[in-house]
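Analysis of the macromolecular model
Residue strings, one per chain:
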Amino acid sequence: MTACAPQAWDQRMTERLEARRAQSVYRQRHTLSSAQGREVIYQGQPYLNFASNDYLGLAADPRLMEAQRLAVKQWGVGAGSAHLVCGHQSPHEALEDALATLTGRPAALLFSTGYMANLGVIQALTQRGDEVIQDRLNHASLLDGAQLSGARLKRYQHQDIASLSQHLSAPCKGLKLVVSDGVFSMDGDCADIPALASQCQAHQALLMIDDAHGLGVLGPRGGGLCQDYGLDTVPILVGTLGKALGTAGAFVAGSHALIDYLTNFARTAIYTTAQPPAVAATTLKAIELVQQEPERRQHLRQLIQYFREGAQALALPLLNSQTPIQPLALSSSAQALDWQAQLAQAGLWVGAIRPPTVPSPRLRITLTAAHQISDIDRLINALAQCLNKQCSNRQSEIEESVITEPQTQATSSC
Ligand SMILES: *Cc1c(COP(=O)(O)O)cnc(C)c1O
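Residues numbered from 1 in each chain as written. Predicted model: local features only at pLDDT ≥ 70, side-chain atom pairs only at ≥ 80, totals over all residues. Heavy atoms only, no water.

Heads up, the rule is: UniProt positions are given in the numbering used here, feature names are shortened, and annotations may be inferred rather than shown by experiment.
Under an unreviewed UniProt entry, the name given to the protein is 8-amino-7-oxononanoate synthase, and the organism recorded is Terasakiispira papahanaumokuakeensis. UniProt, in its Pathway (unreviewed entry) section for the protein, records the words "Cofactor biosynthesis; biotin biosynthesis." UniProt lists a comment for the protein under the heading Catalytic activity (unreviewed entry), and it reads "6-carboxyhexanoyl-[ACP] + L-alanine + H(+) = (8S)-8-amino-7-oxononanoate + holo-[ACP] + CO2".

Structure follows, in structure tokens:
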């Protein structure tokens, strides 16, 4: 790096990276040498995977792999251009129709990623003078979308309808867009969509829900959190295809008027190459599986219940989540890394999510339909070991009477 950047830049980058390391929030990637799944291989070792968003275990489903192989034969490997030029092919069109049907909306528009869908929608809809009112814990792409839009970004306390209502009641020159994650990606709790919808209705605001983690998992037909509530009236619904559906890409579903508008104004859909048609064809098949195999969702619900009972029996610091995202609140980033390392020693792969990604450090455990009950037993046992070790460390600290840190939620069971 020293050779290619001027010295002042070099110094800035080095300092910022050093600060990250010092705070135990330095990030790095780990290269897996296996497909995504219940078990993954890292540096030659197998790990039970409790970190992916492949909630239904579809990312390496043999039927989807075969569907993609056949689609590549028919459609090739790339779309060749943007949708509006000549990149919009039959599999894209069929997928948009299927996504509209799955979510119970009149129409849908494909985007290449969820990040781009969120940037594109918020930028297209809002302008200077408007307000984008968001839950504090919304996904980064939603916050970034508001910041790029020129509208004013307001954030309300997590899931706090009174706090939202205050923002909605305040005067504003322009229009108001309210945005929330459906299932919150790092906490696993579900937005109170009926309450959000009635607030929006009362204040003439437009509601946008990003259901990246609910789609495929929740709802009687896998249509997501809105379907779970029996609501198909949320005007703007974003879903991503790289999580429960196992492939890649994203979409916005809503009225024909909304989709027509976004086709004309959403820059992240207009100025980008369409996703490969074979990927769209694979996602179509994934939607079929989601609908034909409700037992995957059922099994996942049982695993969630089983995990929560086991974790509660140990008094682990569980968050209040009924979804496959089951985070454990830890007292520091260093402790999150320590538990992650201990779990890795036991052959379990779990993400340690730390600031600035989230306000407070945690282990983000995710369960998938590919897991078995015995996998959850292994996880619970390994977590019990982490807890024991922490208690015995604390015991020896007490003996040396050097305790200076405050008691935290995570250590309360000692
Ligand atoms: C993952 C995620 C996204 C981004 O979707 P990608 O397709 O991975 O870019 C957007 N919103 C939420 C809530 C997410 O969890």
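Anyway, onward from the coordinates.
Observations concerning the side chain of Arg296
Where we set the bar: Secondary structure counts use DSSP, requiring at least four H or I residues in a row for a helix and at least two E residues in a row for a strand, with both numbered from the N terminus. Using a 1.4 Å probe on the protein chains alone, a residue whose accessible area is under 20% of its type maximum counts as buried, one over 50% counts as exposed, and one in between counts as partly exposed. We call two N or O atoms a polar contact when they sit within 3.5 Å, provided that within protein one can donate a hydrogen and the other can accept it, with sequence-adjacent residues counted only if both atoms are side-chain atoms. Throughout, a contact is declared for two residues whenever any of their heavy atoms are within 4.5 Å.
Relative to the assigned elements, Arg296 resides in helix H13 (residues 294-313). The class for Arg296 is buried, based on a relative accessible area of 19%. At 2.7 Å, the side chain of Arg296 and the side chain of Glu293 are in polar contact. Not counting the four nearest positions on each side in its chain, Arg296 is found in contact with Leu56, Gly57, Leu58, Asp61, Arg63 and Ala369.

Topic: a positive patch on the surface
Rule in force here: Each patch is built from salt-bridge-free residues with over 30% relative accessible area, joining like charges within 9 Å and nonpolar side chains (Val, Leu, Ile, Met, Phe, Trp, Tyr) within 5 Å. The Shrake-Rupley method, run with a 1.4 Å probe sphere, supplies the accessible areas, and residue values consider only the shown protein chains as cover. Between Lys or Arg on one side and Asp or Glu on the other, a salt bridge is scored when a side-chain nitrogen of the former is within 4 Å of a carboxyl oxygen of the latter. Counted charges follow a simple rule, with Lys and Arg positive, Asp and Glu negative, and His plus the chain ends left uncounted. To locate a charge, take atom NZ for lysine, CZ for arginine, CG for aspartate or CD for glutamate.
Taken together, the side chains of Arg12, Arg16, Arg20 and Arg27 present a region of like positive charge at the surface. Looking at where Arg12 falls in the secondary structure, it is placed in helix H1 (residues 7-22). For Arg12, a relative accessible area of 47% translates into the label partly exposed.

Some thoughts on the UniProt feature "modified residue: N6-(pyridoxal phosphate)lysine" (unreviewed entry) in the protein
The UniProt feature table records "modified residue: N6-(pyridoxal phosphate)lysine" (unreviewed entry) at Lys243. Here Lys243 shows up in the loop between strand S8 (236-240) and strand S9 (250-254). Lys243 has contacts with Asn53, Asp54, Tyr55, Ala212 and His213, leaving out every residue within four places of it along the chain.

Digging into the pattern of salt bridges
With the rule as written, the count across this model stands at eleven salt bridges. The residue Arg38 makes a salt bridge to Asp375 at a minimum N-O spacing of 2.7 Å. Of this pair, Arg38 sits in the loop between H1 and strand S1 (39-42) while Asp375 sits in helix H15 (residues 373-399), placing them 337 residues apart in sequence. Take Asp375: its relative accessible area is 3%, and that puts it in the buried class. The salt bridge involving Arg296 is made with Glu293; its shortest N-O contact spans 2.7 Å.

Things to note about the site of the ligand
Rules: Each residue is tested against the molecule or strand, and it is near if at least one of its non-hydrogen atoms lies within 4 Å. The nonpolar class holds Ala, Val, Leu, Ile, Met, Phe, Trp, Tyr, Cys and Pro. Asp, Glu, Lys and Arg form the charged class, and all remaining residues, Gly among them, are polar.
Surveying the vicinity of the ligand reveals 13 residues, the closest of which are Gly114, Tyr115, Asp210, His213 and Lys243. A distance of 3.0 Å separates an oxygen atom of the ligand from a polar backbone atom of Tyr115. Contact between the ligand and Asp210: a nitrogen atom at 2.5 Å from a side-chain N or O atom of the residue. A total of three residues in the shell around the ligand trace back to one element, the largest contributor, which is helix H5 (residues 114-125). Tallied by class, residues from the shell around the ligand come to two nonpolar, eight polar and three charged.

Here we look at the pairing of strand S3 (residues 107-111)
Our working definition: Being paired, for any two strands, means DSSP has found at least two bridges between them.
Across the five residues of S3, five count as buried, placing the element largely inside the fold. Covered by surrounding structure in S3 are Ala107, Leu109 and Phe111 together with Ala108 and Leu110, the residues of both alternating faces. Bridge analysis of S3 against S9 gives five bridges, and the strand direction is antiparallel. Its bridge partner lying in S9, Leu110 is registered against Phe251.

Quick notes on helix H6 (residues 140-149)
Taken together, the buried positions of H6 are Ser141, Leu142, Leu143, Gly145, Ala146 and Ser149. Next to the buried residues of H6 lie H5, strand S4 (131-135), strand S5 (152-156), strand S6 (176-181) and strand S7 (206-210). Just downstream of H6, Gly150 is the residue with a positive phi angle, here 90 degrees.

Examining the domain arrangement of the protein
Quick reminder of the rule: How far each domain reaches was decided by an automatic or database domain assignment. Note on definitions: buried area is the accessible-area loss of two parts on being combined, 1.4 Å probe, summed for both.
Here the protein is partitioned into domain 1 (30-55 + 294-401) and domain 2 (62-292). Using C-alpha coordinates to define each centre, domain 1 is positioned 28 Å away from domain 2. Of the roughly 1,500 Å² buried where domain 1 meets domain 2, counting both sides, 57% is carbon and sulfur surface. Counting the surface domain 1 buries against domain 2, the share from its top three residues, Tyr55, Arg297 and Thr323, is 35%. When the shortest N-O distance is used, the salt bridge between Asp187 and Arg362 registers 2.9 Å. Of all the secondary structure elements, the ones that give two or more residues to the side of domain 1 that touches domain 2 are H13, strand S10 (325-329) and strand S13 (362-366). Per-element accounting of the side of domain 1 that touches domain 2 gives the leading share, five residues, to H13. In the side of domain 1 that touches domain 2, the residues fall into ten nonpolar, five polar and six charged.

A look at the sheet that holds S10
Here is the rule we go by: For helices, the fitted axis covers only the stretch in contact; all axes are lines through C-alpha atoms, and the angles between them, taken along N-to-C directions, range from 0 to 180 degrees.
Ordered in space as S10-S13-S12, the three strands form an open sheet in which the pairing is antiparallel. In the strand order of this sheet, the two ends are held by S10 and strand S12 (351-353), each with one partner. Taking each pair of neighbouring strands and ignoring which way they run, the sheet shows an average axis angle of 30 degrees. Taken strand by strand, helix H14 (residues 333-345) contacts S10, S12 and S13, and its axis lies near 40 degrees from that of S13.

Quick look at the UniProt feature "domain: Aminotransferase class I/classII large" (unreviewed entry) in the protein
What UniProt calls "domain: Aminotransferase class I/classII large" (unreviewed entry) maps, in this numbering, to residues 47-383. Taken end to end, residues 47-383 is 45% helix and 16% strand, and its two terminal C-alpha atoms sit 15 Å from one another.

Overview of the nonpolar core
Soluble globular proteins tend to pack their nonpolar side chains together in the buried interior. Inclusion rule: The definition of a nonpolar core used throughout is a set of buried Ala, Val, Leu, Ile, Met, Phe, Trp, Tyr and Cys residues joined through side-chain atoms within 4.5 Å.
Judged by nonpolar contacts, the single largest core of 71 residues is most densely connected at Phe50, Phe307, Trp339, Leu363, Ile365, Leu367 and Leu383. Top element by residues in this core is H15. It accounts for seven residues. Both domains that furnish three or more residues to this core are identified here as domain 1 (30-55 + 294-401) and domain 2 (62-292). Val121, Ile122, Leu142 and Ala250 belong to the second-largest nonpolar core, a separate cluster that totals 23 residues.

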